[in-house]
Amino acid sequence: MTLRLYDTATRSVRDFVPREAGKVGVYLCGLTLQAPPHIGHLRSGVNYDVLRRWLLAAGYQVTFIRNLTDIDDKLLVKSGEQGRPFWSIAYANELLLAESYRALNVLPPTYEPRATGHIPEMHELIVKLIADGHAYPATDGSGDVYFDVASWPAYGSLSGQSPDAMQSAGDAPDRGKRDPRDFALWKGAKPDEPADAYWPSPWGLGRPGWHIECSAMCWRYLGPEFDIHGGGLDLTFPHHENEVAQSKAAGLPFARYWVHHGLLSIGGAKMGKSAGNALDLAYVDSLGVRPVELRYYYAAAHYRSVIDYSEDSLREAATAYRRIEGFVQRAAERVGAGQPGELPAGFVAAMNDDLNTSAALAVLQQHLRDGNTALSTGDDVTVRTTLAVVRAMLDILGIDPLSPAWTGGGRSDDLRAVVDSLIALALEQRAQARGRKDWTAADAVRDQLKLAGVVVEDTPQGPRWTIGEQD
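Predicted model only: the values in this text are computed from it and were never measured. Positions within a chain are numbered from 1, following the residues in the order the chain's sequence is written. Note on the predicted model: pLDDT of at least 70 is required for a residue's local features to be given, and 80 or more for side-chain atom pairs to be given and counted; whole-chain, interface and lining totals, by contrast, use all residues. The basis for the side-chain values is all heavy atoms of the structure; hydrogens and waters are excluded.

1. Looking at the nonpolar core
- Counting residues in each nonpolar core, the largest one holds 76 residues, and the members touching the most others are Ile39, Leu55, Ile228, Leu294, Tyr297 and Tyr298.
- The biggest single contributor to this core is helix α9 (residues 311-335), with eleven residues.
- Among all residues touching Leu294, those that are not within four sequence positions of it are Ile39, Leu104, Leu281, Val284, Val289 and Leu314.
- If you look at the next biggest cluster of nonpolar residues, it comprises 42 residues, including Tyr27, Ile119, Trp199 and Met217. Here the nonpolar core consists of buried residues drawn from Ala, Val, Leu, Ile, Met, Phe, Trp, Tyr and Cys, with membership extended through side-chain atoms lying within 4.5 Å. Residue burial is assigned from relative accessible area. The probe radius is 1.4 Å, only protein chains are included, and a residue is buried under 20% of its type maximum, exposed over 50%, and partly exposed in between. Under the DSSP-based scheme used, a helix requires at least four consecutive residues in state H or I and a strand at least two consecutive residues in state E, with every element numbered from the N terminus. Any two residues whose heavy atoms approach within 4.5 Å at even a single point are treated as in contact.

2. A look at the side chain of Asn356
- With respect to the helices, strands and loops of the structure, Asn356 is situated in the loop between α10 (345-352) and α11 (357-377).
- In this structure Asn356 touches His302, Ala350 and Met351, once residues within four positions along its chain are discounted.

3. Thoughts on the pairing of strand β2 (residues 12-15)
- At least two DSSP bridges between two strands are needed for those strands to be called paired. Bridge analysis of strand β1 (residues 4-7) against β2 gives four bridges, and the strand direction is antiparallel. Note that in β2 the partner of Tyr6 across the bridge is Val13.
- Counted between consecutive antiparallel strands, the loop separating β1 from β2 contains four residues, among which Arg11 sits at a positive phi close to 55°.

4. Observations regarding the UniProt feature "binding site: Zn(2+)" (unreviewed entry) in the protein chain
- UniProt positions are given in the numbering used here, feature names are shortened, and annotations may be inferred rather than shown by experiment. The residues that UniProt annotates with the feature "binding site: Zn(2+)" (unreviewed entry) are Cys29, Cys214, His239 and Glu243. Over a stretch of 215 residues, the named residues converge on one spot in the fold, their C-alpha atoms separated by at most 11.1 Å.
- With respect to the secondary-structure elements, His239 resides in helix α6 (residues 236-249).
- By relative accessible area, which is 2% here, His239 ends up buried.
- Beyond its immediate chain neighbours, meaning those up to four positions away, His239 contacts Cys29, Trp210, His211 and Cys214.
- Residue class for Glu243 comes out buried when judged on its relative accessible area of 0%.

5. Overview of the confidence of the model for the protein chain
- The pLDDT averaged across the protein chain works out to 91; a share of 94% of its residues lies at or above 70.
- Across the chain, each position has a pLDDT score giving the predictor's confidence in that residue, from 0 to 100. The low-confidence segment residues 409-414 (pLDDT under 50) makes two contacts with residues lying over four places distant or belonging to another chain.

6. Considering the environment of Phe147
- Of note, Phe147 is situated in strand β6 (residues 145-147).
- Accessibility expressed as a relative area gives 0% for Phe147, which makes it buried.
- Along the backbone, Phe147 and Gln246 are 99 residues apart, and their C-alpha atoms lie at a distance of 7.2 Å.
- The residues touching Phe147, leaving out its near neighbours within four places in the chain, are Leu129, His134, Ala135, Trp152, Asp182, Phe183, Leu185, Ala245, Gln246 and Ala249.

7. Regarding the pairing of strand β7 (residues 183-188)
- Most of β7 is tucked away: six of the six residues are buried.
- Bridging between β6 and β7 involves three bridges; their strand directions are antiparallel. Note that in β7 the partner of Val145 across the bridge is Trp186.
- In this structure, β7 lies alongside strand β8 (residues 206-208), joined through three bridges in antiparallel fashion. Bridge pairing links Trp186 to Pro208 in β8.

8. Points about the packing of aromatic side chains
- Only rings of Phe, Tyr and Trp enter the pairing, Trp through its six-membered ring, and a pair is recorded when the two centres are within 6.5 Å. The plane angle decides the type: under 30 degrees is stacked, over 60 is edge-to-face, the rest tilted. Using the criterion set out here, one finds 14 aromatic pairs in the structure.
- Seen in terms of ring centroids, Trp54 and Phe347 are 6.2 Å apart; in terms of plane orientation they differ by 70°. Their pairing is edge-to-face. Here Phe347 lies in helix α10 and Trp54 lies in helix α1 (residues 39-57), a separation of 293 residues in the sequence.
- Residue classification places Trp54 among the buried positions, given a relative accessible area of 6%.

9. A look at the UniProt feature "short sequence motif: 'HIGH' region" (unreviewed entry) in the protein chain
- Residues given the UniProt feature "short sequence motif: 'HIGH' region" (unreviewed entry) here are residues 31-41.
- The span residues 31-41 is 27% helix and 0% strand, and its two end C-alpha atoms sit 8 Å from each other.

Next up, the structure:
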């Protein structure tokens, strides 16, 4: 079955046919680095990581580009507020973002270019747009350069908006524009902005507009035409609309498919620093929810759906994942971890149907029920085959509990070793109490562990423990 993806440009689910057989080029709009990442930002990384893993599982060679916006108006405002260079703020937040993605088992991109590293490519595109009559330098002495929206009749086709109904672009004063809808390709230096936020250009000292950077980086790393352009639904207009216009006006065929993910809201409102409702990984950790459980929370919803965050829904997702994890751990103890096996047809069909992860997880749940039944009846053959199939599905979603991403390396592993030792000591005390038939003391140890969130299960192989409630 062919992978089918919802394409925003055609407003339809289309068969995915790559530009070049066996190869896929993907560009994902990354973060603007004016603030640390929150869990709404991180949904994007996980959603497109699942897409990438599915393409890799299908045998494609994937070039995955995720950019970083390290110069823009918001960063310059933060620079003034904090009394720090804009690049210092951007780099600090870049490191936090990379750490968060590692914690969530998001594969590193093939390349992760910064806007400030691609000024020459931006200049080249702007020069061509001016030469072809699609852009113009402002005549007010500002040094600004604008894209001429009226020169591109197809403007609005991606988002479905009518140019006649559009308001001012709002990214620069209208006085330098021929039309309020025109958007900035290059912004001339301003006396009230940091002196290190400018680059020389044919139009004087200045810095890039927001939209031109992505066209330049797509062109630099993926060529004139590539397969998939991704980003949040909120970027469709104006950012992606402007990317399409300036790229195609410059003669680039650009993206063949536009894949947008739904947002993560809170109380029906968009999550963000400016709204005062941004929640980060440290907050999630304070709830006792692990990064793998947050990743499951993202994957449990279809990528195009809106997730309205609540603490209860996150905890429910964590509990659901712990049930999956519990089966994998019990099965591995019984028959060995083995290796991920073949993907079931139902899972493949769900993933090929516009990455329907919720339907894919329903297939996984059926296999879990079969596996738990086999565990209870001692059917080790079924346990072994089911474990391999379950691990294969979890691997595609990036949440296999036995993957090295979740079992090895880093501070979390050190903490797990400490917890293992402490719980082993408590279980030894319980075993000694049971040996001398002091059932009250043995039950007290078990109850204290349960209060701490550690569930003890007595098995033929000895006591085993898990975090959280088990069925």
